[in-house]
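Summary of structural features
Residue-level listing of the chains:
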Amino acid sequence: MSSPKERHSVVTGIGVIAPNGVSTETFWKATVEGISVLDRVTREGCEHLPLKVAGEVRGFDPADLIEERYLVQTDRFTHFAMAAANLAMDDARLGRADYNDSPFAVGVVTAAGSGGGEFGQRELQRLWGQGSRHVGPYQSIAWFYAASTGQISIRGGFKGPCGVVASDEAGGLDALAHAGRTIRRGTDAVVVGAAEAPLAPYSVVCQLGYDDLSTLDDPARAYRPFTSGACGFVPAEGGAMLIVEEETAAVSRGASVRALLAGHAATFTGASLWEESRDGLAHAIRGALEDARCAPEEIDVVFADALGVPAADRAEALAIADALGRHASQVPVTAPKTGTGRAYCGAPVLDTAAAVLAMEQGVVPPTPNVVDVCHDLDVVTGRARPAELRTALVLSRGLMGSNAAMVLRKGSGSPS
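Residues numbered from 1 in each chain as written. Predicted model: local features only at pLDDT ≥ 70, side-chain atom pairs only at ≥ 80, totals over all residues. Heavy atoms only, no water.

- An unreviewed UniProt entry annotates the protein chain as Ketosynthase chain-length factor of Streptomyces decoyicus.
- A UniProt comment under Sequence similarities (unreviewed entry) is attached to the protein chain, and it reads "Belongs to the thiolase-like superfamily. Beta-ketoacyl-ACP synthases family." (UniProt positions renumbered as here; feature names shortened; annotations may be inferred.)

This is the structure:
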């Protein structure tokens, strides 16, 4: 067996359930075309709440992809995660025949920030309206942050190392890094990612305490980071799951190597302390570059965190400049999430999926609804920009102070 240092983690499959597409293909088509799907919130019970615009996943029927016995046990956020995991496994052509003899070689890692708010609200309403005998037994597990990891593991028969990362929005990138460490320790494959469902009334009310939440009612203006009109972010549901494998094992089974998880670093700078996040994010970027053995000038595209809060946007622009030096003004920056909303922990995993697809297609997707950039960044707006992309940098920050950066390298494709 190769030494741990020689075990590289590669992406072989992508599954997406997002506001702009309930498959990877539809997600990418809308992303590269710069289509914004932000719209007025339509979820029942949210009509009179201050949050007016969000990214809702529509046209998604979990029964098409998930067995009834799992559906009744789980919340919408886990439905998204299980469906995305299905799609990722199909994309990676990873079936039970590949791990039946070694189920301990496949693990599961997810990140979650909001948990099962819809399921929890429904059961609590039954408790107070009808009594404890009307509360289902799955209330004890469906709301829990770890529910997606557990259900994916049980359903797929994955008995390898499993975990859940709770580190704010940046947890989406941290989960990918955790999967990479798991593979370095000897696991062959990890189903990893994040999906959120924060648009139930109970969940929305909890989010109203965030000063950074946008309450504008115009979908075209509610989420416009890096502009003079920035007024906060809009939330979204959905997310993505990836299949990450040890490179040699992936190649030996004939999988397509789509990207390499080359480097990661994370820092913490405190809740909503956006000026301090400049140093914290810059430190994370430098750490990720060092981990990837990557020079700043090798970065071909940056997928920005793009919070949409003026102080946070300024801090991110300065952090990119601090970490990348002169190259910062030359590298294209994009934030496709302005067309879908921020799916909390799911947002950086969606960005990672978009980064892999962008490197494969040789194009930087645009930043919807953004035109008047007021920071010294080359933000791609309007339409996609063709470019040779070999290395991508994905950034994420959380409202509670977590910062993360990940470097991705373009994969070699299908084995010859």
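Alright, that's what it looks like, and here's the rest.
1. Looking at the packing of helix α3 (residues 76-92) against helix α7 (residues 147-156)
- Relative orientation of the contacting elements α3 and α7 amounts to 40 degrees, with a least axis distance of 9 Å. Considering the angle they form, α3 stands oblique to α7. When you trace α3 past α7, the crossing you get is right-handed. Facing Phe 77, Thr 78, Ala 81, Met 82, Ala 85 and Asn 86 of α3, the residues of α7 in contact are Ala 147, Ser 148, Gln 151, Ile 152 and Arg 155. (Axes fitted to C-alpha atoms, helices over the stretch in contact; angles between N-to-C directions. Helix = DSSP H or I, 4+ residues; strand = E, 2+ residues; numbered from the N terminus. Parallel < 35°, antiparallel > 145°, perpendicular 65-115°, else oblique. Left-handed = near helix turned anticlockwise from the far one by under 90°. Contact = heavy atoms within 4.5 Å.)

2. Here we look at the environment of Met 89
- As for its position among the elements, Met 89 is in helix α3.
- Look at Met 89 and you get buried, because its relative accessible area is 14%.
- Residues in contact with Met 89, not counting those within four places in the same chain, are Leu 94, Tyr 99, Phe 158 and Ile 243. (Buried < 20%, exposed > 50% of the residue type's maximum accessible area, 1.4 Å probe, protein only.)

3. As for the sheet that holds strand β14 (residues 391-397)
- Judged by pairing direction, the sheet is mixed, and its eleven strands sit side by side in the order β5-β4-β6-β7-β1-β8-β15-β14-β9-β10-β12 without closing on themselves. Of all strands in the sheet, those with a lone pairing partner are β5 (162-165) and β12 (378-379), marking the two edges.
- Direction of pairing for strand β9 (residues 301-303) relative to strand β10 (residues 332-334): parallel, over a ladder of two bridges. Directly across from Phe 303, in β10, lies its bridge partner Thr 334.
- Sheet contacts for α3: β1 (9-17), β6 (189-196), β7 (238-246) and β8 (257-268); angle to β1, the most-contacted strand, approximately 130 degrees. (Pairing = 2+ DSSP bridges.)

4. Here we look at the side chain of Thr 110
- Along the chain, Thr 110 turns up in strand β4 (residues 106-111).
- Looking at Thr 110, its side chain comes within polar contact range of the side chain of Thr 149, at 2.6 Å.
- Non-local contacts of Thr 110, meaning those with residues more than four positions away in its chain, are made with Ser 148, Thr 149, Ile 152, Gly 163, Val 164, Val 165, Ala 175, Gly 193 and Met 241. (Polar contact = N/O pair within 3.5 Å; in protein donor to acceptor, adjacent residues only side chain to side chain.)

5. A short note on the packing of aromatic side chains
- Per the stated rule, a full pass over the model turns up six aromatic pairs.
- Residues Tyr 99 and Phe 158 carry aromatic rings whose centres are separated by 5.0 Å and whose planes lie at 50 degrees to one another, so their mutual orientation is tilted. Residue Tyr 99 is located in helix α4 (residues 96-99), and its partner Phe 158 is located in the loop between α7 and β5; the two are separated by 59 residues in the primary sequence.
- On the basis of relative accessibility, which here comes to 2%, the residue Phe 158 falls in the buried class.
- Measuring from centroid to centroid gives 6.0 Å for Phe 233 and Tyr 344, while their planes differ by 90 degrees, and the two rings are edge-to-face. Separated by 111 residues along the polypeptide, Phe 233 in the loop between α9 (201-207) and β7 and Tyr 344 in the loop between β10 and α13 (346-361) bring together distant segments of the chain. The same class applies to Phe 233 as to Tyr 344, namely buried.
- Members of the aromatic cluster, joined through ring pairs, are Trp 143, Phe 144 and Tyr 145. (Phe/Tyr/Trp six-rings, centres within 6.5 Å; stacked < 30°, edge-to-face > 60°.)

6. Some thoughts on a nonpolar patch on the surface
- Side chains of Trp 143, Phe 144, Tyr 145 and Val 164 sit close together on the surface and give an oily, nonpolar patch of about 360 Å² of accessible area.
- As for its position among the elements, Val 164 is in strand β5. (Patch = residues over 30% accessible without salt bridge, like charges linked within 9 Å, V, L, I, M, F, W, Y side chains within 5 Å. Areas by Shrake-Rupley, 256 points an atom, 1.4 Å probe, with all protein chains shown as cover. Salt bridge = Lys/Arg side-chain N within 4 Å of Asp/Glu carboxyl O.)

7. Concerning the nonpolar core
- Residues Ile 285, Val 302 and Leu 324 are the most contacted members of the largest nonpolar core, which totals 50 residues.
- Secondary-structure elements contributing two or more residues to this core are β3 (53-54), β8, α11 (274-292), α12 (310-324), β14 and β15 (402-413).
- Counting residues per element, this core draws most heavily on α11, at eight residues.
- Excluding residues within four positions of it along the chain, Leu 324 makes contact with Ile 285, Leu 289, Pro 296, Ile 299, Val 302 and Val 331. (Core = buried A, V, L, I, M, F, W, Y, C linked by side-chain atoms within 4.5 Å.)

8. Regarding the pairing of β6
- Within β6, eight of the eight residues are buried, which leaves the element mostly enclosed by the surrounding structure.
- Alternating positions in β6 separate into two faces, Ala 189, Val 191, Gly 193 and Ala 195 on one and Val 190, Val 192, Ala 194 and Glu 196 on the other, with burial throughout.
- Relative to β6, β4 runs parallel, the two sharing six bridges. Looking at β6, one finds that Val 109 is bridged to Val 192.
- The pairing of β6 with β7 spans eight bridges and is antiparallel.

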